[in-house]
Amino acid sequence: MDATLERTVRTELPVTPAQLGLLVAHARAAGPSAYHTLYRLDLDPRYSAEAVSRALSGAVALRPTMRQIFGLLPRPHARLVAPVADVVTLQVAVAAVDFADAVSSVAGQIGQPAFDPGTEPAHRCAVVRAEEGTACTVLLAVHCLLLDAVSIGPFADDLADLLTAPPTAAELAMRVADREAAHVEHLEASPAPTARDRSAAWARRLRRVPSLELAPVPGRPARTSLTGGQVRGEVDAGACLGFPPQVLFAGLYAATLARHANTSQVVIGTEVGRSADPLPVIVEVDWAHTVDAYLSTVVGPAVEAARADADISLAQLTAETGRGPLHAAVLAVAATEPHRAYAAVRAVRRLGNGTVRSDLRLGVTPQDGHWLVELEYDRELIAPAVADGLLASLRTAVRRAVDDRTRTLAELFTDASTAASVRSDGRHPRATAGLYEAVEAVARQQPTAVAVREPGRDLTYADLLATAGRMAGGLAARGVGPGDVVGLAVDSGLADSVAAIVAVLRLGATFLPLDATVPRRRLDDMVRSASCRLVIGAPVASAAPAVPVAELATAAAVASAADPDAPVYVMYTSGSAGAPKGVLMGQAWLAELAAWQIDALAMNGDSRFLQYAPLSSDVCFQEIVPTLLCGGTVLSLAPADRRDPLAVLRHVADTGATHVYLPTAALRPMVQLIGDRGTHLPDLRYLCVSGEQLTVDEQEREFLRRHPHCTLVNHYGPTETQAVTTYRLRGDDPAWPGHVPIGVPLPGVAAYVVDATGHLAPPGVVGELHLGGRCLAAGYLNDPELTAARFVPDTFGPAGGLMYRTGDLVVRNDRDELVFLGRLDSQVKIQGQRVELGEIEVVAARVLGVRQAVAAVRGEQIALFLLPHPGAAPDPSRVREHLAATLPAHMRPQWIVPVTAVPTTTSGKTDRAALLHRLDELLAAGGHGDAARPPVHLGALERDLAALWSRILGVGDIPHDHSVFDHGASSLTVLDALTAIHAAYGVTVPVADLYAAPTVAGIAAAIRAGAGTLR
């Protein structure tokens, strides 16, 4: 560079709010090159190496932002350095045949090494040319502080100008001076009052939009290393339907994201105007909108609004919104017009460097009459299969929109493959006879084997068949026949209950279990609704006569009238209108389920299955009937009480149970007891659970490590289908998901994930689970209207079939396993973001002294209940610190309450309502768990820091163990605090250290570590 340019420049300049945000992000980024961008500029090869170097150096000189270095202390600032003679750090010349490989190699060399924006301008430049003079490419690695997707175009224009019409040194110096003056003027200009008002209004709109969460499998890391992947393809968007490309692609990208995130509001970061960071565009997605109406009345105005407010920085918006990041997905549409000197700079492209700054970034570039679409994604948040599905959805949407702009947004998408919906665990046993016939066959093969064992009584298979025959005779004598419903309220033991079930099957009738603990009015409603003829056992309902077992069993046996097509049972579940609804379950699927279970759980004549579930639970079928069909023994739970985990454990050990099926809530207490007492269960082969979301941690894994012969099996299935999915865990499995999937469908089950557009969802897309195939119940007994509403035509399977709408939200992960996310009508959302309570519980349970943790929601706040280990008293503040280091702010509890026991419902599920009632009592009495307590600080330094943060944030005193971000801190206020700390204590606290421990106590520790003797 000519000496004319070597001159004195401003040594200190203010930094923009956008640059402040990027400086903080750079300081705390896990990936050293996450905020680098790599550009490829293909040049006309006729220019010499010297001419290209001179032009590149001049283009950098003309852009003051590319000659800045930055500092955070004593206050954030920038310095402008003088131009350098040659900015090219690497020149490579290769044969034309090796040119592409050389470009790729050099891109890796200059794109990965970290920049230090505080010591040198953060850019590197290399030139690769073909020795034959057929190609020349410039590779520019630059930090986003200096150059971005918006300013790369003007930079390329400057480069082209300098190549085609090289200025004299004096002319270049004059242009550089003019650019510097304009740059300084821009930096020193105060934002207009209207900009502040517009920013506040924008922030208010953003606060109402829920955060975008793609592939929301629980256990996602709160912070990643920003390692990126990329998928790419081409689309033919024609003339973009007459809309600006930014509008077309923003609209179709937003619709794709809305589909994949199961939302109707999307925020996209768009690179518009002069912003150094993508600004958020809010798009409302209505699936009934036509493409034309959506683009013209929704997307177009939203993009123009962001463009009009491009003078507002992302950092400013983030600070005013009070949360960040504001967008998880970014869109960058390259200019469609060629640069002014197109002959000199033939093409400009952004290259990936293996890192990302957001969950997802879509780059769109015109290329040879098509559009190149490149999707970059965070590999720790989005699996490659999910990224492939996103790109496929986008390309389909573009193609179908261009083909017919009158289509609705829902019609832009198509069904994913049904292959994953019908994938099973590979077992395909089929039932060969009706249930009664199969039990009868086993009884005749092994008459002396024990079918049911209870205290003081072993019922052999011969006895079972004989007793059931006599009971069937007694029922027939009282007018019970095929198709009738018989109540079951046996109070004389498990053996009589099992015999009664077999007797009902022998008559071709249907049994209705009646739980004596249920209010009598509800039992009467059930009996009347089911048209129940009579009740076997206790008189628990007045709507039908009751006959004691002993009285029935005195009759003579009657011939079998068993019907393999007859319904087996009616199970009543809660109804949305307050009245119970009776699910009528047919025999064909239950016979298949039993056959599958016998194979999958390796059941045989030596199996001893504990009958734990109440007979009013459909799980009892899986405990009783498959065991009888394989010639095993059903073990009574008596004399143990299912509410007493220790008594249950002793009973399992004493009886040598090989198979146990527990409600999910009962698993953790049992596993903890086994660990605490050192109990070994050498006979236990399969431990099954269902009923709630299963979460596991090291306690369950250690149990299975100590019991390598045992497998933990997670089942899922509503009453309307019985069990339909399965997932297995063993102690030696390499990966243990804390939030356990519900797994894959059983043979004969079609598990459809139906997204918001009504289509089969690809992996990573949340949708409602619809169940089809052979697993469906016959419907709701005597309620054809409700049956028609929930059992709807199967539009994805063979014609004429039905599918059941479960109302459960699921997502299929990248291994084609179903992951349960909650109920469609009762999602837990805090601050507009979905919260998985089980994830909070798993994290809290890792704290020393915590035996079990249960999370529940009270209003818009989370309460966490802690059950300690015997003799332990876990400190809620330590739990809070652990949660703050692991979970995002919206998942942290407002209250942490120690409890002496975790209550359960009659069905064995965790009773969160009872725990919340305990919290209400505590709050009414003036207690607060550990919430809202007066802040107690450990020393003078902590008191001073709390006061400093209170002053900066404009809030009351902040407890020493609370994250400052929970009280409104942002990247801008972090810099204010660091500046004040440096001035007061002479200590530089690294930004990354503050983000790693963002509490008063953590910052105080960092100050002491930096000051040595400071107290």
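Structure shown above.
Only a predicted model underlies this, so the values are computations on that prediction, with no experimental measurement involved. (Residues numbered from 1 in each chain as written. Predicted model: local features only at pLDDT ≥ 70, side-chain atom pairs only at ≥ 80, totals over all residues. Heavy atoms only, no water.)

Asks: Whenever I open this one, the overall build of the protein confuses me. Can you help?
Replies: A tally of regular secondary structure across the protein gives 29 helices and 39 strands. In terms of overall dimensions, the protein has a C-alpha envelope of 120 × 70 × 50 Å along the principal axes. A burial count over the protein gives 57% of its 1015 residues as buried. In the protein, the share of contacts with a sequence separation of at least 24, taken over all contacts with a separation of at least 6, comes to 72%. Of the roughly 39,200 Å² of accessible surface on the protein, 52% is carried by carbon and sulfur atoms. Here the protein contributes 88 positive and 107 negative side-chain charges, whose respective centroids are spaced 2 Å apart. (Helix = DSSP H or I, 4+ residues; strand = E, 2+ residues; numbered from the N terminus. Buried < 20%, exposed > 50% of the residue type's maximum accessible area, 1.4 Å probe, protein only. Contact = heavy atoms within 4.5 Å. Areas by Shrake-Rupley, 256 points an atom, 1.4 Å probe, with all protein chains shown as cover. Lys, Arg positive; Asp, Glu negative; His and termini not counted. Charge placed at Lys NZ, Arg CZ, Asp CG, Glu CD.)

Asks: Help me understand helix α5 (residues 169-188), please; the structure alone is not making it clear to me.
Replies: For the α-helix, the turn length of 3.6 residues means that residues three or four positions removed from each other point alike. Compared with an ideal rise of 1.5 Å per residue, which puts 20 residues at 28 Å, α5 spans 29 Å between its outermost C-alpha atoms and is within 8% of the ideal. Residues of α5 that are buried include every one of L172, A173, V176, E180, H183, V184 and L187, and no others. Buried positions in α5, seen along its axis, are confined to an arc of 105° and lie on one side of it. Counted as exposed and oriented over 90 degrees from the buried face of α5: M174 and E185. Residues of α5 that are buried make contact with α2 (49-61), β2 (68-71), β3 (77-80) and α4 (152-164). (Expected span 1.5 Å × (residues − 1). Arc of directions from axis to C-beta.)

Asks: I keep staring at the sheet that holds strand β12 (residues 360-367) and nothing clicks. Help me out?
Replies: Sheet strands associate in pairs through backbone hydrogen bonding, adopting either a parallel or an antiparallel arrangement. Read from one edge to the other, the open sheet built from six strands follows the order β7-β13-β12-β10-β8-β9, with strand pairing classed as mixed. This sheet does not close on itself; its edge strands, each paired only once, are β7 (228-235) and β9 (279-284). On average, adjacent strands in this sheet sit at an angle of 25° to one another, irrespective of strand direction. Relative to the sheet, helix α7 (residues 245-261) contacts β7, β8 (265-270), β9, β10 (329-333), β12 and β13 (370-378), its axis offset from that of β10 by approximately 155°. The strands that helix α10 (residues 384-403) touches are β7, β12 and β13; relative to β7, the one it contacts most, it runs at about 25°. (Pairing = 2+ DSSP bridges. Axes fitted to C-alpha atoms, helices over the stretch in contact; angles between N-to-C directions.)

Asks: Would you explain the sheet that holds strand β4 (residues 88-94) in this entry?
Replies: Pairing is mixed in the open sheet, where five strands are placed in the order β4-β5-β6-β1-β11. Both edges of this open sheet fall to β4 and β11 (345-351), since each of them pairs with a single strand only. Geometrically, the sheet is characterised by an average inter-axis angle of 15° between neighbouring strands, direction not taken into account. In terms of strand pairing, strand β1 (residues 36-43) meets β11 through six bridges, oriented antiparallel. For R40, the partnering residue across the bridge sits in β11 and is R349. Packing of helix α3 (residues 99-111) onto the sheet brings it into contact with β1, β4, β5 (123-130), β6 (136-143) and β11, and relative to β6 it is tilted by some 20°. Contacts from α4 reach β1, β6 and β11 within the one sheet, and its direction differs from that of β1 by about 35°.

Asks: What is the right way to read the environment of L994 from this model?
Replies: Tracing the backbone through its elements, the reader meets L994 in helix α28 (residues 991-996). Residue classification places L994 among the buried positions, given a relative accessible area of 1%. Distance from L994 to A1004, taken between C-alpha atoms, is 9.9 Å for residues 10 residues apart in sequence. Filtering out sequence-adjacent residues up to four positions away, L994 remains in contact with W949, F965, V974, L978, V989 and I1003.

Asks: How should unusual backbone geometry be read in this particular structure?
Replies: Trans is the common state for peptide bonds, and a negative phi is the common state for residues other than glycine. In this model, A638 is joined to P639 through a cis peptide bond whose omega is 10°. Positionally, P639 belongs in the loop between β23 (633-636) and α19 (645-655). Unlike most non-glycine residues, D816 shows phi in positive territory, near 65°. Note that D816 resides in the loop between β33 (802-812) and β34 (818-823). Of the residues examined, D816 reaches a relative accessible area of 26% and is grouped as partly exposed.

Asks: How do you make sense of the packing of aromatic side chains when you look at a structure like this?
Replies: Two aromatic rings, taken as a pair, are described by how far apart their centres are and by the angle between their planes. Summed over the entire model, instances satisfying the criterion amount to eight aromatic pairs. Summarising the aromatic geometry, the rings of F511 and Y569 are spaced 5.8 Å apart at their centres and angled 50° between planes, so their arrangement reads as tilted. With F511 in strand β17 (residues 510-513) and Y569 in strand β20 (residues 569-573), this residue pair connects regions lying 58 residues apart in the sequence. The same class applies to F511 and to Y569, which are both buried. Here the aromatic residues F511, Y569 and F621 are joined through ring pairs into a cluster of three or more. (Phe/Tyr/Trp six-rings, centres within 6.5 Å; stacked < 30°, edge-to-face > 60°.)

Asks: Got a minute to help me understand α3 in this structure?
Replies: Spanning 13 residues, α3 covers 18 Å between terminal C-alpha atoms, matching the ideal 18 Å at 1.5 Å per step. Next to the buried residues of α3 lie β1, β4, β5, β6 and β11.

Asks: Just checking my understanding: could you explain the state of the cysteines for this structure?
Replies: In a disulfide, the sulfur atoms of two cysteines are covalently bonded to one another. Tallied over the entire structure, the rule returns zero disulfides. C620 supplies the cysteine sulfur nearest to C532, a cysteine that is in no disulfide, at a spacing of 16 Å. For C532, a relative accessible area of 9% gives the class buried. Free cysteine: C775, not disulfide-bonded; nearest cysteine sulfur from C620 at 19 Å. Judged by relative accessible area, C775 falls into the buried class, the value being 0%. (Disulfide = S-S within 2.5 Å.)

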